[in-house]
Amino acid sequence: MKNLLKIISLILILGLLTKSSFGLTSQWSEGDISKVRLISPLSNSNNQQQIILGLQYIMEPGWKTYWKSPGDGGFPQTLIWEGSKNVKDIKLRWPKPKEFEILGINSIGYENEVIFPLVIDIQDKTKITNLDLSINYLVCKDVCIPGNARIFLDLPAGSAKTTEFYYLIEKAISSLPVNNTEISFINNFKTNAFINQDNILLEVSAKTNLNFNNTKIFIHTPFGLPVVNSIIDYSLGYKSLKASLNFNKKL
């Protein structure tokens, strides 16, 4: 009888541990250098028409993948979700990237690990949502290796509890650029383009109520422009800046 009680107590303890560390996640789609999965901050859709999931990449140390405008080489990930059910739309959000050099080419992207927030618009919040994602991407170090991932995740309807991934996804959301300059610390943001016989000069100017510090400027374009070093002039007190980026006109 005592042994039976011990077994029952052990089962209850294990059940509590499992519940407290609950995480809604897909299986890893694994390659030689990288792996990809979907993680959810909530156990259910929480009766919402929209939920933000995380597309998590983990790469071997020193390996990198690309931002939406990768620079002069590489390509960004593409996501196909047409096989999903009860999904109206999926929007991929890109966290703030950094510059690095791959195979002698300056590029923009992410190193080692990154979580891309996915905004999922649900058709019917009372039904289960079946996610079926196909992802093509590229990881590079001394060589570049294409990756292909197929990921499945079922998101139940109904009231939700937070999962162990909640704070990871909140951190990823906080790393997204602010698209609306009216609610950012940047104001009077302007861009101009000047053309001469050989070059195109992009000029960016902005002001802030705070201070500009270690400013990075990335150009988002579908044309595959190379990454160029911006020449930045700051005002006294670092309250305003003017940046110049020179591109060869042949591009």
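Structure first, text after, so check above.
Attention here is on the structure that accompanies the text. (Residues numbered from 1 in each chain as written. Predicted model: local features only at pLDDT ≥ 70, side-chain atom pairs only at ≥ 80, totals over all residues. Heavy atoms only, no water.)

### Overview of the overall build of the protein
Quick note on the threshold: A helix here means a DSSP run of H or I that spans at least four residues, while a strand means a run of E at least two residues long, and both kinds are numbered starting from the N terminus. All radius of gyration figures rest on C-alpha atoms, and the globule criterion is 2.2 Å times the number of residues raised to 0.38. A 1.4 Å probe rolled over the protein chains alone gives each residue an accessible area, and that area as a share of the maximum for its type sets the label: buried under 20%, exposed over 50%, partly exposed in between. Method for areas: the Shrake-Rupley scheme with a 1.4 Å probe, in which residue coverage is limited to the protein chains shown.
Scanning the protein from N- to C-terminus turns up two helices and 16 strands. A globule of 251 residues ought to have a C-alpha radius of gyration of about 18 Å, yet the protein, at 23 Å, is considerably larger. Projected onto its principal axes, the C-alpha coordinates of the protein cover approximately 90 × 45 × 35 Å. Scored against the burial criterion, the 251 residues of the protein give a buried share of 36%. Roughly 15200 Å² of accessible area belongs to the protein as shown, and the carbon and sulfur atoms make up 53% of that amount.

### A closer look at the sheet that holds strand E15 (residues 231–234)
So the rule is basically this: By definition, two strands form a pair when at least two bridges between them are found by DSSP. Lines are fitted to the C-alpha atoms to define the axes, a helix being fitted only along its stretch in contact, and any angle between axes, read from their N-to-C directions, falls within 0 to 180 degrees.
An order of E13-E14-E16-E15 is seen for the four strands of this open sheet, with the pairing classed as antiparallel. A strand with exactly one partner marks an edge of an open sheet, and here the two such strands are strand E13 (186–195) and E15. If you compare each strand with its neighbour and ignore which way they point, the axes differ by 15 degrees on average. As paired elements, E13 and strand E14 (residues 199–208) share eight bridges and run antiparallel to each other.

### What about the pairing of strand E4 (residues 50–59)?
Buried residues dominate E4, accounting for seven of its 10 residues. Two strands pair when backbone bridges link them, and strand E3 (residues 34–40) and E4 are joined in this way by six bridges, in the antiparallel orientation. Looking at the pairing, Lys-35 lines up with Ile-58 of E4. Note that E4 and strand E10 (residues 113–122) share nine bridges and pair antiparallel. Note on E10: the bridge partner recorded for Leu-55 is Phe-116.

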